[in-house]
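The residues making up each chain are set out below.
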Amino acid sequence: MTVTLAYITFISLAHVGTQLIDVIFSQAVRAAVTHWRAQLTLEQVIESLANPVNLGLMLVPAIEQELNSHNCSCAAVKDYAWAQPYLRLQAVFETGELPDTPEDFCPVPSAEGAAMAMVSAIACLAAIGSDTVSYGSENNGDLFVNLVVFPPGRGKFTDKSADKMSGHTDAVTFPMRGYRDPLNPRIAPSPDFVCLSSLRNPNDVPTTVMPLDQLMTSLTNEHIEDLQKPQYLIGSQLTFRDGMIDILGDELEVDYAQLLYAIQDKWWIRFSHRTTQIATGAQASAHEAMVALKEACAGCVIPLPLEPGDIALVNNRIALHGRSEVGKEYGGQTRWFLRTYGLDTSDIDPAQRHDGSPFMLFP
Ligand SMILES: O=C(O)CCC(=O)C(=O)O
Ligand SMILES: [Fe+2]
């Protein structure tokens, strides 16, 4: 009896503890950004987005101070963010004034609510030691893009914008941080974090997260061995294809790629249900391991219906993510998220950046 009670107490305390850090972090970012914003015009706020590095440096001390007043710190939140598949930060910003939902990735309209969503996203990422980055090959390198449903007539883009997304990591053909593409060392690493700011989500369509530690419990040692072997073919995500052809001359595919990495006692993953296949000549066990991985995904989906004003930081190393079907309705008051990426760029080579941009990575 005593043992059981002790166990329950431990579990519930741990739960409250982790929820609390989300709440404290969210409030700290909100307070710091609100205070900073009150001294500026909307035009000045929008201008500050041109250099997210400087903006982050400006906001982090105030966030640190807010966290300190709750016996917390940016370092503690960073450790926490690296141990969690995602952080769901509720009511980080006010959605303020917003126009109708846009009908394309770019541009993000110059409205108060959208500007606050972007500044808050940069603030969250900077506080956990991540730079806010884009890739020149995706949506012209815009730092923030609208995730919205497209009107009919845009082919695959229209279909995908309304559809569900199965589990994937973003920028899946780019190397893991700490690794180089085998054929082109200029290719920058994929992001550490996918950052989603919710502006509208009238039907509570959830983003979904599949934590890697849960996936691992469904895999056998043989599967785990196979997923670490360079025997998979990874194709690019649709949003990168045109840009890659412009910049690299061709779509980037990674042949003989491994999907699972053991990095300093931790597992990292890169995978996309849609774009990963078995490489030529791979053994049947490679296929079986991938099937097992997909089955494991189906068994551990966490739905995350982001409300307007929420920001999710999805860890792109230790989780897969996707979303439920959105539906075909577009424009008006339909679902509208902004997306950007976070990456620890301390080891990035200057050649892995686009010249003259403080945030745009190659390709
Ligand atoms: O719409 C969402 O909730 C997630 C979208 C996503 O994962 C993506 O666009 O890569
Ligand atoms: Fe994604």
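Here, residues in each chain are numbered from 1, in the same order as that chain's written sequence. Following the order in which they are written, the chains are lettered starting with A and the ligands numbered starting with 1. It should be noted that, the model being predicted, local features are given only for residues of pLDDT at least 70 and side-chain atom pairs only at 80 or more, the latter also being counted only at that level, while totals for whole chains, interfaces and linings use all residues. Working from all heavy atoms in the structure, the side-chain values ignore hydrogens and water.

## Notes on the pairing of strand β1 (residues 86–89)
- Only one face of β1 is buried: it carries Leu87 and Leu89, and the other face, with Tyr86 and Arg88, is open.
- Should DSSP find at least two bridges between two strands, the strands are taken to pair. Secondary structure follows DSSP: runs of H or I at least 4 residues long count as helices, runs of E at least 2 residues long count as strands, and numbering of each begins at the N terminus. Taken together, the 4 bridges between β1 and strand β13 (residues 311–315) define a ladder with antiparallel strand orientation. Each bridged residue has a counterpart across the sheet, and for tyrosine 86 the counterpart in β13 is valine 314. The cut-offs for exposure are 20% and 50% of the maximum accessible area for each residue type, with area from a 1.4 Å probe on protein chains only; residues under the lower value are buried, those over the upper are exposed, and the others partly exposed.

## Thoughts on the environment of leucine 219
- By the secondary structure assignment, leucine 219 is in the loop between α7 (212–217) and α8 (221–227).
- C-alpha separation for the pair leucine 219 and leucine 293, spaced 74 residues apart in sequence, amounts to 7.0 Å.
- Contacts of leucine 219, omitting those with residues within four sequence positions, involve Ile224, Leu227, Ala292 and Leu293. In this analysis, two residues are considered to be in contact whenever any of their non-hydrogen atoms come within 4.5 Å of each other.

## Observations concerning the coordination of the iron ion (ligand 2)
- Only His168 (NE2), Asp170 (OD) and His321 (NE2) from the protein reach the iron ion (ligand 2) as donors, at distances of 2.1 to 2.2 Å.
- Each donor residue of the iron ion (ligand 2) lies on one chain, and together they are spaced H-x1-D-x150-H. With a gap of 153 residues between them, histidine 168 in strand β4 (residues 165–168) and histidine 321 in strand β14 (residues 319–323) connect regions that are remote in the sequence. The pair histidine 168 / histidine 321 is uniform in exposure class, with both members buried. The donor set comprises N, O and S atoms within 2.8 Å of the metal, extended to 3.2 Å for Na, K and Ca; water molecules are omitted, so apparent gaps in a site may simply reflect that omission.

## Considerations on the confidence of the model for the protein chain
- Per residue, pLDDT captures the predictor's confidence, and it can take any value from 0 to 100. Here the protein chain averages 95 in pLDDT, and 95% of its residues register 70 or above.
- Within the model, the stretch residues 1–16 combines pLDDT values under 50 with 0 contacts to residues more than four positions away or in other chains.

## Focus on the packing of aromatic side chains
- Stacked, edge-to-face and tilted labels apply to pairs of Phe, Tyr and Trp rings (six-membered ring for Trp) whose centres lie within 6.5 Å, assigned for plane angles under 30 degrees, over 60, and everything in between, in that order. Tallied over the full model, the rule gives 9 aromatic pairs.
- On the basis of an interplanar angle of 85° and a centroid distance of 6.3 Å, the ring pair of phenylalanine 105 and phenylalanine 157 is categorised as edge-to-face. With phenylalanine 105 in the loop between β1 and α5 (112–127) and phenylalanine 157 in helix α6 (residues 156–162), this pair connects stretches of sequence that are 52 residues apart.
- Owing to a relative accessible area of 12%, phenylalanine 105 belongs among the buried residues under this scheme.
- You can call phenylalanine 157 partly exposed: its relative accessible area is 22%.

## Comments concerning the environment of glutamate 225
- Its location among the elements puts glutamate 225 in helix α8.
- Along the primary structure glutamate 225 and alanine 284 are separated by 59 residues, whereas in three dimensions their C-alpha atoms are 13 Å apart.

## Comments concerning the side chain of glutamine 237
- Following the sequence through the fold, glutamine 237 ends up in the loop between β7 (232–234) and α9 (238–248).
- Glutamine 237 sits in the buried class, given a relative accessible area of 8%.
- In protein, a polar contact means a hydrogen-donor-capable atom and an acceptor-capable atom, both N or O and within 3.5 Å, with residues adjacent in sequence counting only if both atoms are side-chain atoms; elsewhere, any N or O pair within 3.5 Å suffices. Polar contacts involving the side chain of glutamine 237 include one to the main-chain carbonyl oxygen of threonine 169, which spans 2.9 Å.
- Excluding residues within four positions of it along the chain, glutamine 237 makes contact with His168, Thr169, Asp170, Ala171 and Val172.

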